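Notes for the structure review
For reference, the chains in residue letters:
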Amino acid sequence: TIEKEKYIGSKVSFDLTKGTDASLLKYVAVVSSMNHAPEALETASAKVIGVAIEKGFDALLAEHIAAWAKKWEHGDISIEGDVAAQQGIRFNIFQLHQTYTGDDDRLNIGPKGFTGEKYGGCTYWDTEAYCLPFYMVTAGKDVARQLLLYRYKQLDKAIENAEKLGFNHGAALYPMVTMNGEECHNEWEITFEEIHRNGAIAYAIYNYVRYTGDKQYINDYGLDVLLAISRFWAQRVSFSETRQQYVMLGVTGPNEYENNANNNWYTSYIARWCLKYTMEQADRLKEEAPEVYAKFVSRTSLNEGLEFTLWRDIYNRIFLPEDKKKGIYLQQEGYMDKEQILVKNLPATQRPLNQKWSWDRILRSCFIKQADVLQGLYFFEDDFDLKTIKRNFDFYEARTVHESSLSPCVHSILAAKIGDIEQAYQLYVRTSRLDIDDYN
């Protein structure tokens, strides 16, 4: 045994004559204090090792192969005639499966999985906005439900996070980055302003129920989360006497190349939707299970007459910026005051912007890191006709530098939606091969 500071290992020595083979089988057990008392870790580890040795390497390998074969049987996408496209999608399917299994509702999906060092295994809104549909389709209802329960179990922390910022009456602000429900991010323009993540968590509940039909989840857990998020939105807007409308000031949308903006269209739209969806689910529960609804009202101190009346007024009168001449929704107020330069006119030597430009220059530019208005059109495509989606896509994609893995995927889906198959394909290849080809 070799022990040094921050180092432990084993040294094995033996003599071998020329022409003789030797095989070394190394069995490793990983156990955690999440599952065992610290003083029991050594015993638990020895138990796992004992099982492994008893089975032997060949049996363990066979089990491993069989487990993966089962996943691929239901989760593979086969693409003929395009090796790059095939390799790209299988690479991503593999990464998602090895990063999250759904066995434990205390765990979540860390951006960059186990192989990327940047995000440290924390939970982001990526889970609800991007990953949940994959698990719903490939891993079954129970696995997707675990992801929702993860947030439900952290609701008290989300309410505490909001209280620290001055919100009350059970309003919740889920953290941008977290391990245990507390905010782990340290930049004010993200933690205080990139509040659209609340909307993604509400949308995930809607998406799950829409796909699985599991309304019981809302009855038991989801409505508590929806109510707390809606209470946040109702307090986060301000009433503008000048406009005679509700406004959302000082926010950062999904496009993080613009901070402290007023009336980000996407944030306001998803907040508006959330208020309506929460009221719809409350009305449904009241009708279908009045006793359960009564307990919900008592538990959350809901004043339906007062709160829902306000929410309906916000829904009907929230300001959503648009440029009617161009027929587009404005990413935020003042976006058209920026100098309008297209990405195709940017010299290649200037990119990626986040490595070549100062933040002052980036924030004053019209360039977009990732889908923002288009994120809303992707989520709520049934709310808009095809011509509206196409006008907005053509305008914003031309100004988007795609310096986030969350960007080309949404654009690819929308390009396919509007019939631009060649661009959809190029964006698909980019999103599926982002890591393999190191686009950024």
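Bear in mind the structure is a predicted one, so any value in this text is a computation, not a measurement. Within each chain, residues carry numbers counting from 1 in the order of the written sequence. Confidence filtering applies because this is a predicted model: local features only for residues at pLDDT of at least 70, side-chain atom pairs given and counted only at 80 or more, and all residues used for totals across whole chains, interfaces and linings. Excluded from the side-chain calculation are hydrogens and water; included are all heavy atoms of the structure.

1. With respect to the side chain of arginine 433
- The helix count covers DSSP runs of H or I at least four residues long, the strand count covers runs of E at least two residues long, and both are numbered beginning at the N terminus. Looking at the secondary structure, you find arginine 433 in the segment after α18 (421-432).
- Polar contacts here mean pairs of N or O atoms no more than 3.5 Å apart (in protein, one a potential hydrogen donor and the other a potential acceptor; neighbouring residues in sequence count only if both atoms are side-chain atoms). A polar side-chain atom of arginine 433 sits 2.7 Å from a polar atom in the side chain of glutamine 87.
- The criterion used for residue contact is that any of the two residues' heavy atoms lie within 4.5 Å. If we skip the residues at most four places from it in the chain, arginine 433 touches Ala84, Gln87, Gly88, Asp438 and Tyr439.

2. Concerning the environment of isoleucine 8
- Position of isoleucine 8 relative to the elements: it lies in strand β2 (residues 7-9).
- Residue class for isoleucine 8 comes out exposed when judged on its relative accessible area of 64%.
- Excluding its chain neighbours within four sequence positions, the residues that come into contact with isoleucine 8 are Ile2 and Glu3. In this scheme, a residue with accessible area under 20% of its type's maximum is buried, one over 50% is exposed, and one in between is partly exposed, where area comes from a 1.4 Å probe on protein chains only.

3. Let's talk about the pattern of salt bridges
- We define a salt bridge as a contact between a side-chain nitrogen of Lys or Arg and a carboxyl oxygen of Asp or Glu at a distance within 4 Å. For the coordinates displayed, the defined rule picks out 20 salt bridges.
- Between lysine 153 and aspartate 105 there is a salt bridge; the shortest N-O distance is 2.8 Å. In this pair, lysine 153 sits in the loop between α5 (141-152) and α6 (155-164) while aspartate 105 sits in the loop between α3 (83-99) and α4 (126-138), placing the two residues 48 residues apart along the sequence.
- The class of lysine 153 is exposed, set by a relative accessible area of 55%.
- Glutamate 160 is the salt-bridge partner of lysine 164, the closest N and O atoms lying 3.9 Å from each other. Of the two residues, lysine 164 and glutamate 160 both sit in helix α6, four residues apart, roughly one turn of that helix.
- Using a relative accessible area of 30% as the deciding quantity, one classes glutamate 160 as partly exposed.

4. Observations regarding empty space enclosed by the protein
- We place a 1 Å grid over just the protein atoms. Points where a 1.4 Å probe fits but has no way out form a cavity, open points with protein on both sides within 12 Å along at least 5 of 7 lines form a pocket, and any residue with an atom within 4 Å of a point lines it. Grid points are joined across faces, edges and corners, and a volume is the space filled by probe spheres set on the points. If you walk through the whole model with that rule in mind, you get one cavity of 30 Å³ or more.
- Its volume calculated, the largest cavity comes out at about 40 Å³.
- Along its surface, the largest cavity is lined by Glu128, Leu148, Arg151, Tyr152, Ile201, Ala204, Ile205, Tyr217 and Val225.
- Those elements that provide at least two residues to the lining of the largest cavity are α5, α8 (197-212) and α9 (215-236).

5. Thoughts on α5
- The end-to-end C-alpha distance of α5 is 16 Å, a good match for the 16 Å that 12 residues give at a rise of 1.5 Å each.
- Across the 12 residues of α5, nine count as buried, placing the element largely inside the fold.
- Three or more residues of α5 are buried, namely Val143, Ala144, Arg145, Gln146, Leu147, Leu148, Leu149, Tyr150 and Arg151.
- Those residues of α5 hidden inside the fold are in contact with α4, α6, α8 and α9. Expected span, for any helix, means 1.5 Å times one less than how many residues it has.

6. Remarks on the packing of α5 against α9
- Where helices are involved, their axes are fitted lines through C-alpha atoms of the stretch in contact, as for all axes, and angles between N-to-C directions lie from 0 to 180°. Between α5 and α9, the least distance of the axes is 9 Å, while the angle of their chain directions is 45°. Classified by the angle between their axes, α5 and α9 sit oblique to one another. The hand of the α5/α9 crossing is left-handed. Side by side, α5 and α9 meet where Arg145, Leu148, Leu149 and Tyr152 of the first sit next to Tyr217, Asp220, Tyr221, Asp224 and Val225 of the second.
- Three categories are distinguished: nonpolar for Ala, Val, Leu, Ile, Met, Phe, Trp, Tyr, Cys and Pro, charged for Asp, Glu, Lys and Arg, and polar for the others, with Gly belonging to the last. Residues belonging to the contact of α5 with α9 are distributed by class as follows: six nonpolar, no polar and three charged. When describing relative orientation, an angle under 35 degrees is termed roughly parallel and one over 145 degrees roughly antiparallel, while 65 to 115 degrees is termed roughly perpendicular and anything else oblique. For any pair of crossing helices, the crossing counts as left-handed if the nearer helix is rotated counterclockwise from the farther one by less than a right angle, and right-handed if it is rotated clockwise.

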